[in-house]
Amino acid sequence: MLLRKPSWVTHIHKSRVRLIGCKLNSVYTRHLKTAVGGVVVLTVVSLLLYAPTPATFTYTPAHSLSGDAAAAADMAEGETSEGASGPTCSPVTHLFFLKTHKCASTTVQNILFRFGYSRNLTFALPATGNYLGNPALFQAKSIPKKLLPSDGLVDIFAVHSRLHPAQHSLVLYTDARWLTVELASLPRYGGKLGKNQMLFDLGYPADLTVTELRRALDEVDRRFDLVLIAERMDESLILLRHFLCWSLYDVVVFTKNARRNEVKKNLDADTLQALRELNSADVILYEYFLAKHKEAVFAFGETKMKDEVAALRG
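Talk me through the overall build of the protein chain; I want residue IDs and the actual numbers.
Across its full length, the protein chain carries 10 helices and four strands. Ordered by position from the N terminus, the helices and strands of the protein chain form the series α-α-β-α-β-α-β-α-α-β-α-α-α-α. Expressed as a percentage of the 314 residues in the protein chain, the buried residues total 40%. Put simply, 78% of the contacts in the protein chain that link residues at least 6 apart link residues at least 24 apart. Working note: accessible area of the protein chain is about 18,500 Å², and carbon and sulfur atoms make up 58% of it.

Can you explain the environment of Val 220? Please cite residues and give values.
Among the structural elements, Val 220 can be located in helix α6 (residues 210–223). Considered as a pair, Val 220 and Leu 285 are 65 residues apart in the sequence and their alpha carbons are 9.6 Å apart.

Could you give an account of unusual backbone geometry, with specific residues and numbers?
The general pattern is negative phi for most residues beyond glycine and trans for most peptide bonds. Phi angles above zero are rare outside glycine, and Asn 120 is one such case at about 60°. Residue placement: Asn 120 occurs in the loop between α3 (105–118) and β2 (156–157). Even without being a glycine, Cys 245 presents a positive backbone phi close to 60°. Note that Cys 245 resides in the loop between α7 (233–244) and α8 (269–278).

Before we move on, could you go through the state of the cysteines and cite the residues and values that matter?
One pass over the full model with this rule turns up one disulfide. The disulfide that involves Cys 89 links it to Cys 245, with 2.0 Å between the sulfurs. Residues Cys 89 and Cys 245 are joined by a disulfide whose S-S torsion is about 95°; by sign, that bridge is right-handed. Placement of Cys 89 in the loop between α2 (70–75) and β1 (95–98) and of Cys 245 in the loop between α7 and α8 is noted, with a sequence separation of 156 residues between them. Accessibility classification places Cys 89 together with Cys 245 in one group, the buried group.

So, the pattern of salt bridges: which residues are in play, and what are the values?
Counting across every chain of the model gives seven salt bridges. Taking the shortest distance from any N to any O, the salt bridge between Arg 222 and Asp 218 comes out at 3.0 Å. With Arg 222 and Asp 218 both in helix α6 and four residues apart, this pair spans about one turn of that helix. Between Lys 292 and Asp 221 there is a salt bridge whose closest N-O contact spans 3.8 Å. In this pair, Lys 292 sits in helix α9 (residues 280–300) while Asp 221 sits in helix α6, placing the two residues 71 residues apart along the sequence. Relative accessible area serves as the criterion here: at 13%, Lys 292 is assigned to the buried category. Asp 221 sits in the buried class, given a relative accessible area of 6%. Through salt bridges with shared partners, a single ionic network connects Arg 241, Lys 304 and Glu 308.

Please give an account of the environment of Phe 123 that cites residues and values.
Tracing the chain through its elements places Phe 123 in the loop between α3 and β2. Judged by relative accessible area, which is 16%, Phe 123 ranks as buried. Each C-alpha atom, one on Phe 123 and one on Leu 148, is 8.1 Å from the other, the two residues being 25 residues apart in sequence. Those residues in contact with Phe 123 that lie beyond four places of it in its chain are Leu 112, Phe 113, Gly 116, Tyr 117, Leu 147, Val 154 and Ile 156.

Can you lay out the sheet that holds β2 for me, pointing to particular residues and giving the numbers?
The four strands are arranged β2-β1-β3-β4 in an open sheet whose pairing can be described as parallel. Strands at the two margins of the open sheet, each flanked by one partner only, are β2 and β4 (226–229). Of the strand pairs in this sheet, β1 and strand β3 (residues 177–182) are connected by four bridges, and their pairing is parallel. Looking across to β3, one finds that Leu 98 is bridged to Thr 180. Packing against the sheet, α7 makes contact with β1, β3 and β4, and its axis sits at approximately 155° to β4.

Help me get a handle on the packing of α6 against α9, residues and values and all.
Relative orientation of the contacting elements α6 and α9 amounts to 40°, with a least axis distance of 11 Å. In terms of orientation, α6 and α9 fall into the oblique class. Pair α6 / α9 crosses with right-handed handedness. In this structure, α6 uses Leu 213, Leu 217, Val 220 and Asp 221 to contact α9, whose residues at the interface are Ala 281, Ile 284, Leu 285, Tyr 288, Phe 289 and Lys 292. Looking at the contact of α6 with α9, its residues break down into eight nonpolar, no polar and two charged.

Definitions and limits used
- Residues numbered from 1 in each chain as written.
- Predicted model: local features only at pLDDT ≥ 70, side-chain atom pairs only at ≥ 80, totals over all residues.
- Heavy atoms only, no water.
- Helix = DSSP H or I, 4+ residues; strand = E, 2+ residues; numbered from the N terminus.
- Buried < 20%, exposed > 50% of the residue type's maximum accessible area, 1.4 Å probe, protein only.
- Contact = heavy atoms within 4.5 Å.
- Areas by Shrake-Rupley, 256 points an atom, 1.4 Å probe, with all protein chains shown as cover.
- Disulfide = S-S within 2.5 Å.
- Salt bridge = Lys/Arg side-chain N within 4 Å of Asp/Glu carboxyl O.
- Pairing = 2+ DSSP bridges.
- Axes fitted to C-alpha atoms, helices over the stretch in contact; angles between N-to-C directions.
- Parallel < 35°, antiparallel > 145°, perpendicular 65-115°, else oblique.
- Left-handed = near helix turned anticlockwise from the far one by under 90°.
- Nonpolar A, V, L, I, M, F, W, Y, C, P; charged D, E, K, R; others polar.

Spatial relationships are all this shows, so hold off on functional conclusions.
Next comes the structure, spelled out in structure tokens:
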């Protein structure tokens, strides 16, 4: 004979099952909310910790190195590497580079061309060859109109020409920075190089009186915003990148048009001395701007300069 459970027993059993189910659902919901909340918190923290910081550059005021190198100290006031805090500046895109003979100028030209090409900038170019007017003073009309933008102005002028500021200015923006690279410590020697070649490239006659030379030094100093030194190219490029608000990558060097050691002529002491005397005005020009370069490096910070040069070479 089968005995049935009383109805009240069945009712209690079902109620307990429902109660246990509700408790399980409540526990599951709490755990789910905790897990989801944890994922959200971790995501937010990860974004804050690992989100890339936009690259910035410390502001570098426009200046000329013709002063007492205080401008170089201004350049080094703050950290200029990517991610640094502080006011930012925009990379300079209007440039005039007087390309001189046998002063590592092709290497600098390559840097400027690479920068301009990557940013779709415009260039001053001759119809043929790689000269615009040299050995005559530059004339704006020597650039074919078909090779100029509609407004007649170019972003970058970096080919061989003999300096003629009034004519060069006709094809340059008014805010263009004026640069040149000079000054091998020993006079250059070659079939196409004349007496006091650097001053000649700068638009001056080969022979100058003491008074004329002093005036020329002052004019060059005031005209050019930065004079790079060939023998101290790495330091010059660091000063250049800060002055132009460029990145370290923008001034990476690929040596161009350099003479191979096996074709360089070894000159005896007497010949070197004779060349120094023949090019005495160029020697004075070199020593003048070398001294200003040393002042600029000192004002920039010698330790900081060594660190940046190491990064450039690396």
